[in-house]
Every structure is written in structure tokens, then in C-alpha cells.
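Remarks on the overall topology
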Amino acid sequence: MIKSRHFTESEFKKCVPSCSLQDMRQSTMNRFDTARDIADIPFVINSAYRSSSWEKSKNRSGTGAHSLGCAMDIRCNTNSNRFKIISALVKAGFTRIGVAETYIHADDSINHSQEVIWLY
């Protein structure tokens, strides 16, 4: 059973698409819990696990980090929080970060390029 100190099953049900904490990897959730401890601000999840079929329905490969259960998109609307979240993610060991205007993607997929930050 996947567990988290900071994230609840109900938060994952609110994601788009709806998913479960149980769809995530435990090591990834441990890392997100550590990042949340470091940032000392709430992490609101926009998206987490997305099935390969859902990804393909959006004209994506279906092999991304979300489909592996090792990614989350965290809501972020201020520059101050953006700095806190990204800084905490890096300190927690995330080496794959995407930055958008209203969210930050982070994953720890070993199947994809490492030590990258990209803009959406």
C-alpha cells in the first residue's frame, strides 16, 4: 500500500484525470513528501498518474512519467511559491522539472533525460 505524509487519496481523486495514490510509486511519494517538508507550503496537485490510454487520447506517447506513476503537476501561481517549490524539489532529489505559468511538473523517472528543466 502506497503511503504519504502530506497527500491524501481524496486529493488524487480531484486530479485531472482522477487517479489514486495507489497508482503512484512509493519512492516518488517519499520524495514529494520530503520536498513538501522543505518548502513548508502546501502542494496542491493538478495532475498525477495518467494511464497510457488517457495520454494517447491526448495525442501523447503514453510512455511519459505520469504513466509510470512517478510524476505530479503542482499548482503554483506566485513567483515566491514557484521559487520555494522548485528549490525544495531540487533539494529532495528531483532532476526533471517542468515550469508552466500556473503549475510545476516534477518527476523522478529513470526512463527519461536527467538534469533537465523545461518551460511549457
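Read on for a plain summary of the structure. (Residues numbered from 1 in each chain as written. Predicted model: local features only at pLDDT ≥ 70, side-chain atom pairs only at ≥ 80, totals over all residues. Heavy atoms only, no water.)

**Some details on unusual backbone geometry**
If a residue is not glycine, its phi is most likely negative; likewise, a peptide bond is most likely trans. Cis geometry marks the peptide bond from Val16 to Pro17; its omega dihedral reads -10°. Mapped onto the elements, Pro17 comes out in the loop between α1 (9-13) and α2 (26-39). Within the chain, Asp40 stands out as a residue other than glycine whose phi angle is a positive 60°. Within the element layout of this structure, Asp40 appears in the loop between α2 and β1 (45-47). (Helix = DSSP H or I, 4+ residues; strand = E, 2+ residues; numbered from the N terminus.)

**Remarks on the pairing of strand β4 (residues 103-107)**
For β4, a buried count of four out of five residues is recorded, marking the element as mostly surrounded by other parts of the structure. When strand β2 (residues 71-75) meets β4, the two strands line up antiparallel, connected through five bridges. Considered in β4, the bridge of Asp73 is made with His105. With four bridges joining them, strand β3 (residues 96-99) and β4 adopt antiparallel strand pairing. Looking at β4, one finds that Ile97 is bridged to Ala106. A loop of three residues connects β3 with β4, the two strands running antiparallel in sequence. (Buried < 20%, exposed > 50% of the residue type's maximum accessible area, 1.4 Å probe, protein only. Pairing = 2+ DSSP bridges.)

**Concerning the pattern of salt bridges**
This structure, assessed with the given rule, holds eight salt bridges. Between Arg25 and Asp108 there is a salt bridge, and its shortest N-O distance comes to 3.0 Å. Highlighted residues: Arg25 in the loop between α1 and α2 and Asp108 in the loop between β4 and β5 (116-119), separated in sequence by 83 residues. Looking at Arg25, the relative accessible area reads 30%, which means it is partly exposed. As a salt-bridge pair, Asp73 and Arg50 come within 3.7 Å of each other at their nearest N and O atoms. With a gap of 23 residues between them, Asp73 in strand β2 and Arg50 in the loop between β1 and α3 (52-57) connect regions that are remote in the sequence. For the pair Asp73 and Arg50, a shared accessibility class is recorded, and that class is buried. (Salt bridge = Lys/Arg side-chain N within 4 Å of Asp/Glu carboxyl O.)

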